[in-house]
Amino acid sequence: MKNVVFAVSGLIWFALVFLLTFWLTFPSESIIERLKYEVFTGSGGDYALKLDSVSPWWTGLSGEMVQLYSVHTPRGGEPESQLVFAAEAARVKVGLFSLLQSTPSVSGGMRIGAGEVDFDVETTLDKKDRLALSVLNVQADAFPVVDLAAIAGAAIEATGTLDMSIALDAPDGMKAAGGKVSIRGKDILITKMDPSLTGGMDLGMEIPLESVDIVLDITQGKAEFSKGRIQSAMANVDLDGSLMLRDDLSRSSADIGVVLELGDELAIFKSFLNDAKGTDGKFHYKCTGSLARVPRCVSQSRVSSISDRRGTTRAPSNRGGSVARPSTTRTETSDEDREKRREEIRERLRQRREGAGGSSPARPSDDDRPIDEGSDDDDYRGDDDDDEFV
């Protein structure tokens, strides 16, 4: 029995000494540099990683102040970077077998502001042997709205939380991805909002949101709204449309319809939105752009009028037959008349030279000088009354 106790005690002591030694001699700086290298080369130079410190965590790492930057190098210029993600702390476990295949599979969690996010990520190699996302699962319960707005780059001050989930399966790239995105929340209060998000208007009041219910179903790289409702006593917002996903998610394009219904408390703003007012009394907008920046929103009536103008001004064509020509404009007619008069002048000069062909050469007369194509024909006059042109 004593031998068993000594053996167990020895194993525990060995484990403690090993872990303590491993912790104290952990090569943090070398691992940080290695992680930076892997992110930069794995993304083909599109992203750069920055973090303050790392430490061991089970079969993975724990990092502090993790920041991810997108890198763009203009032609003939210096590299430019832009912060796309930041977390105060992150814990990552790595699948050892996936490392041997050079397609790391990681899972863990991170702290962003006061919110916690759990994630599970699998990667693959694309046609250019660059790392690409193949599976993404994200779960965030009771995530603060103000921290979510900061991630999206929106200047909003608010109280309340949202429940978010992302399930994305993209083994063949984002253009063929499938999955679902859900964002839900209740009792949210927006206390301040950047006027750029409200068309330049400073609301000057708090906005209570009774509920948020947004669901996007993803099929073949197209994320469509199956639910899109933001409900409030001050205003109701309905969302429809879709997003087209790209392997670089920041370049994914949005084509979203927004229907705004203002309550009595915001009735004073209706006069500013008349250009977007529909027959149903609601205000209709179309928002387009990429996820890298806030989409540009214009009234639906303006979009329709632009489409109508394009349809009426475009000349109809008939493939395989004649093409309908637009009517002759005043400028085209004037140019044709001027050219015709030039030809008449040239012809009269030619006839005059032929009539004087028997005489000996002399100093060129005014009639023999070349005609300046760019001059005004109205300024030319011949030697006699019969050859006068106005």
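Residues numbered from 1 in each chain as written. Predicted model: local features only at pLDDT ≥ 70, side-chain atom pairs only at ≥ 80, totals over all residues. Heavy atoms only, no water.

Observations concerning the overall build of the chain
- Each helix and strand counted, the chain has six helices and 16 strands in total.
- In the chain, which comprises 390 residues, the proportion classed as buried is 26%.
- Looking at the chain alone, contacts between residues at least 24 apart form 42% of all its contacts between residues at least 6 apart.
- Total accessible area computed for the chain in this model is approximately 26200 Å², and 55% of it derives from carbon and sulfur atoms. (Helix = DSSP H or I, 4+ residues; strand = E, 2+ residues; numbered from the N terminus. Buried < 20%, exposed > 50% of the residue type's maximum accessible area, 1.4 Å probe, protein only. Contact = heavy atoms within 4.5 Å. Areas by Shrake-Rupley, 256 points an atom, 1.4 Å probe, with all protein chains shown as cover.)

What about the pairing of strand β15 (residues 283-290)?
- With eight bridges connecting them, strand β14 (residues 253-262) and β15 associate as antiparallel partners. Along β15, the bridge assignment pairs valine 258 with tyrosine 285.
- Bridge count between β15 and strand β16 (residues 296-299): four bridges; the pairing is antiparallel. Bridge pairing links tyrosine 285 to serine 299 in β16. (Pairing = 2+ DSSP bridges.)

Some points on helix α2 (residues 28-42)
- Between its terminal C-alpha atoms α2 stretches 21 Å, which fits the 21 Å expected from 15 residues at 1.5 Å a residue.
- Immediately downstream of α2, the backbone of glycine 44 shows phi near 70 degrees, a positive value. (Expected span 1.5 Å × (residues − 1).)

Some points on a negative patch on the surface
- A cluster of acidic residues, Glu116, Asp118, Asp141 and Asp163, forms a negative patch at the surface.
- Inspection of the secondary structure puts aspartate 163 in strand β9 (residues 161-169). (Patch = residues over 30% accessible without salt bridge, like charges linked within 9 Å, V, L, I, M, F, W, Y side chains within 5 Å. Salt bridge = Lys/Arg side-chain N within 4 Å of Asp/Glu carboxyl O. Lys, Arg positive; Asp, Glu negative; His and termini not counted. Charge placed at Lys NZ, Arg CZ, Asp CG, Glu CD.)

A word on the side chain of asparagine 236
- Mapped onto the elements, asparagine 236 comes out in strand β13 (residues 235-244).
- A polar side-chain atom of asparagine 236 sits 3.1 Å from the main-chain amide nitrogen of serine 232.
- Non-local contacts of asparagine 236, meaning those with residues more than four positions away in its chain, are made with Arg229, Ile230, Gln231, Val259, Leu260 and Glu261. (Polar contact = N/O pair within 3.5 Å; in protein donor to acceptor, adjacent residues only side chain to side chain.)

Notes on the pairing of strand β11 (residues 207-219)
- Where strand β10 (residues 178-193) meets β11, 11 bridges bridge the pair, whose relative direction is antiparallel. Paired with valine 181 across the two strands is leucine 216, which belongs to β11.
- Relative to strand β12 (residues 222-231), β11 runs antiparallel, the two sharing nine bridges. Residue pairing for β12: isoleucine 214 is matched across the bridge by glycine 228.
- As consecutive antiparallel partners, β11 and β12 are separated by two residues, and within that stretch glutamine 220 has a phi angle of approximately 50 degrees, a positive value.

Quick notes on the environment of valine 117
- Relative to the helices and strands, valine 117 is located in strand β6 (residues 115-125).
- We classify valine 117 as buried; its relative accessible area is 10%.
- Residues valine 117 and alanine 90, spaced 27 residues apart in sequence, show a C-alpha to C-alpha distance of 9.4 Å.
- When sequence neighbours within four positions are dropped, the list of residues in contact with valine 117 reads Gly108, Gly109, Met110, Ile112, Val138, Gln139, Ala140 and Phe143.

So, the pattern of salt bridges
- Within this structure, the stated rule accounts for eight salt bridges.
- With a closest N to O distance of 3.9 Å, glutamate 33 and lysine 36 form a salt bridge. Of this pair, glutamate 33 and lysine 36 both sit in helix α2, separated by three residues, roughly a single helical turn.
- Among the residues examined, glutamate 33 registers a relative accessible area of 47% and is labelled partly exposed.
- You can call lysine 36 partly exposed: its relative accessible area is 29%.
- Close ionic contact of aspartate 248 with arginine 251 constitutes a salt bridge, the shortest N to O distance being 3.3 Å.

Regarding the environment of glutamate 122
- Among the secondary structure elements, glutamate 122 is positioned in strand β6.
- Taking the C-alpha atoms as reference points, glutamate 122 and threonine 103, 19 residues apart in sequence, are found 7.5 Å from one another.
- In this structure, glutamate 122 is in contact with Pro104, Ser105, Ala132, Leu133, Ser134 and Val135, ignoring residues within four places of it in sequence.

Topic: the confidence of the model for the chain
- For the chain, per-residue confidence averages 76 on the pLDDT scale, and residues scoring 70 or more make up 68% of the total.
- Overall, residues 358-390 carries pLDDT values under 50, and its contacts beyond four positions in sequence, including any with other chains, amount to 39 contacts. (pLDDT = per-residue confidence, 0-100.)

What about unusual backbone geometry?
- Backbone geometry at alanine 142 places phi at a positive 55 degrees, although glycine is not the residue there.
- Along the chain, the position of alanine 142 falls in strand β7 (residues 131-144).
- On the basis of relative accessibility, which here comes to 44%, the residue alanine 142 falls in the partly exposed class.
- Although it is not a glycine, aspartate 187 adopts a positive phi angle of roughly 55 degrees.
- Along the chain, aspartate 187 turns up in strand β10.
- The class of aspartate 187 is exposed, set by a relative accessible area of 64%.

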